[in-house]
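Architecture at a glance
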Amino acid sequence: MFAFVLRRLIQAVVVMVTVAFIAFLLFQYVGDPVVFLLGQDATPTQIRELRADLGLDKPFFVQFWHFILNAVQGEFGLSLRQGAKVSRLISERFPATLEMALVAAFLALAIGIPMGVYAALRRGSFMSQVFMTISLLGVSLPTFLIGILLILVFAVGLGWFPSFGRGETVKIGWWTSGLLTKDGIHHVILPAVTLAIFQLTLIMRLVRAEMLEVLRTDYIKFARARGLSNRAIHFGHALKNTLVPVMTITGLQLGGLIAFAIITETVFQWPGMGLLFIQAVTFADIPVMAAYLCLIALIFVVINLVVDLLYFAVDPRLRVDRGGGH
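Figured I'd write up the structure that's included with this text. (Residues numbered from 1 in each chain as written. Predicted model: local features only at pLDDT ≥ 70, side-chain atom pairs only at ≥ 80, totals over all residues. Heavy atoms only, no water.)

Overview of the overall build of the chain
Selection rule: Going along the chain from the N terminus, every DSSP run of H or I of four or more residues is numbered as a helix, and every run of E of two or more is numbered as a strand. With a 1.4 Å probe rolled over the protein chains alone, any residue whose accessible area is under 20% of its type maximum counts as buried; one over 50% counts as exposed, and the rest are partly exposed. Any two residues whose heavy atoms approach within 4.5 Å at even a single point are treated as in contact. Only the protein chains shown count as covering a residue, and every accessible area follows the Shrake-Rupley method with a 1.4 Å probe.
Counting its secondary structure elements, the chain contains 13 helices and 2 strands. Within the span of the chain, comprising 326 residues, buried residues form 40% of the whole. Counting contacts in the chain only where the partners sit at least 6 residues apart, residues at least 24 apart contribute 71% of the total. Accessible surface for the chain amounts to roughly 18000 Å². Of this, 68% is attributable to carbon and sulfur atoms.

Structural notes on the pattern of salt bridges
Here is the rule we go by: Salt bridge, as used here: a side-chain nitrogen of Lys or Arg that lies within 4 Å of a carboxyl oxygen of Asp or Glu.
Here the structure, examined in full by the defined rule, presents 2 salt bridges. Of the charged contacts, one joins E92 and R88 as a salt bridge, the two residues approaching to 2.7 Å between their closest N and O atoms. Here the residue E92 and the residue R88 both occupy positions in helix α5 (residues 86-121), the gap between them amounting to 4 residues, near one helical turn. Overall, the relative accessible area of 41% leaves E92 in the partly exposed class. With a relative accessible area of 41%, R88 lands in the partly exposed category. A salt bridge links R166 to E99; the shortest N-O distance between them is 3.2 Å. Residue R166 is located in the loop between α7 (143-157) and β1 (170-172), and its partner E99 is located in helix α5; the two are separated by 67 residues in the primary sequence. The class of R166 is buried, set by a relative accessible area of 9%.

Some details on the nonpolar core
The condition that has to hold: What makes a nonpolar core is a set of buried Ala, Val, Leu, Ile, Met, Phe, Trp, Tyr and Cys residues whose side-chain atoms join them at distances within 4.5 Å.
With 43 residues, the main nonpolar core has I258, M273 and I296 as its most contacted residues. Of all elements in the fold, only α1 (2-29), α4 (60-72), α5, α8 (182-215), α10 (230-259), α12 (273-282) and α13 (286-314) reach the threshold of two or more residues within this core. Ranked by the residues each element gives to this core, the list is headed by α13, at 11 residues. With residues up to four places along the chain from it excluded, the contact list for I296 reads I258, A259 and M273. In this structure, V207, L215, A223 and L239 belong to the second largest nonpolar core, which totals 21 residues.

Side note on the environment of F24
Structurally, the position occupied by F24 is in helix α1. Owing to a relative accessible area of 3%, F24 belongs among the buried residues under this scheme. Sequence separation of F24 and F67 is 43 residues, and the distance between their C-alpha atoms is 7.2 Å. In contact with F24, not counting residues within four places along its chain, are F60, Q63, F64 and F67.

Focus on the environment of E168
With respect to the secondary-structure elements, E168 resides in the loop between α7 and β1. A sequence separation of 14 residues divides E168 from K182, and the C-alpha atoms of the two residues are 8.0 Å apart. When residues no more than four places from it in sequence are discounted, the contact partners of E168 are G178, T181, D183 and G184.

Section: the side chain of T97
Within the secondary structure, T97 sits in helix α5. The contacts of T97, once residues within four sequence positions are left out, are I258, E265, W270, G272, M273 and G274.

Some thoughts on the packing of α7 against α8
What counts is decided by this rule: A fitted line through C-alpha atoms represents every axis, and for helices the fit uses only the stretch in contact; the resulting angles, taken between N-to-C directions, go from 0 to 180 degrees. Each crossing is labelled by how the near helix is turned from the far one, with a counterclockwise turn of less than a right angle marking it left-handed and a clockwise turn marking it right-handed. For this classification, the nonpolar set comprises Ala, Val, Leu, Ile, Met, Phe, Trp, Tyr, Cys and Pro, the charged set comprises Asp, Glu, Lys and Arg, and every other residue, Gly included, is treated as polar.
Packing of α7 against α8 leaves a shortest axis separation of 9 Å and a crossing angle of 145°. Classified by chirality, the crossing of α8 by α7 is right-handed. Residues T143, I146, G147, L150, F154 and A155 of α7 pack against L190, V193, T194 and I197 of α8. Looking at the contact of α7 with α8 residue by residue, the classes come out as 7 nonpolar, 3 polar and no charged.

A few points about the side chain of R208
Position of R208 relative to the elements: it lies in helix α8. Given a relative accessible area of 19%, R208 falls into the buried group. Each residue touching R208, except ones within four places of it in the same chain, is listed here: G116, A119, A120, R123 and M132.

So, the packing of helix α6 (residues 126-140) against α8
We apply this condition: For classification purposes, angles smaller than 35 degrees are called roughly parallel, those larger than 145 roughly antiparallel, those between 65 and 115 roughly perpendicular, and all remaining angles oblique.
Between α6 and α8, the least distance of the axes is 8 Å, while the angle of their chain directions is 135°. Here α8 runs oblique to α6, going by the angle between their axes. For the element pair α6 and α8, the recorded crossing hand is left-handed. Every residue of α8 that contacts α6 at F131, M132, I134, S135, L136, G138 and V139 is listed here: I197, F198, T201, M204, R205 and R208. Of the residues assigned to the contact of α6 with α8, the class counts are 8 nonpolar, 3 polar and 2 charged.

Notes on α6
Put simply, the rule is: A helix is expected to reach a length of 1.5 Å times the quantity of its residues less one. Note that the arc is computed from the directions linking the helix axis to the C-beta atoms.
Here α6 spans 21 Å end to end across 15 residues, near enough to the 21 Å set by a 1.5 Å rise per residue. Of the residues making up α6, those classed as buried are S128, F131, M132, S135 and G138. One side of α6 holds all its buried residues, which, seen down the axis, span an arc of 120°. Facing away from the buried side of α6 by over 90 degrees, the exposed positions are F126, L136 and S140. The inward-facing, buried residues of α6 abut α5, α7 and α8.

Treat this as a map of the structure, not an account of what it does.
Right under this line is the structure:
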């Protein structure tokens, strides 16, 4: 177990250093931060002094080493567009993105798993065909179109939900939460549903496929021969083994929900990291872009590590002593 964790940690460090190097290249080859800060009318003397103050006159690898040290401390400099510390901007926007992603993940799991189980156990039934058709639409339709359709129907047409913003929030230390207020919950529903639909359909199809595969295995046939009830077979044995690969995919999808919430946040003007990143790209705000890239990579690495450990814990085959062969 220790060797397994150590290998994963080494891999995580290598990945993060690689991503940090890519993010650092943004500072070198995408615009000049000195020009952004001083403007086009700056004198050569002002440019030289500011480059020296920012350490941009030092050798490439020295700059990269300082970038790594600052990134470990969560410091990426000042936003070129807003003039505020990037770490403060990220900390203000991260709670909104994380809450929307968690609500979307909950909806995807709470709805997708039962739908997948039903589609597998009632294969060929009318409702099973309806679920498969819905899943096909969910996979095929782009996220921005789903968001616009939901706004058109439920915000503009029926007036049930607001079409933009996060609503009322409650501050808990440095963290802000909209899930503790009625208005905040009201605002998060449409963005979360938009973000969850693709993940929901993916989980449903995965659970259905895995469930059908497990139901064909020998130990399920043996359980039927022993006279176990269908309920015990389906939910006590088949579903338990079905959820092992689903757990892996779901963990990685949570990282995807956070990373790829950009479109959803743009459609609903949700004040999260995705909207901040879009604004940074529009204005070539390199420090914000670099910080976003490193943070998303860190989220994926941590989630991947946790999923690997959970998979190692629930699947006894991974704990077999390979050298001993037993």
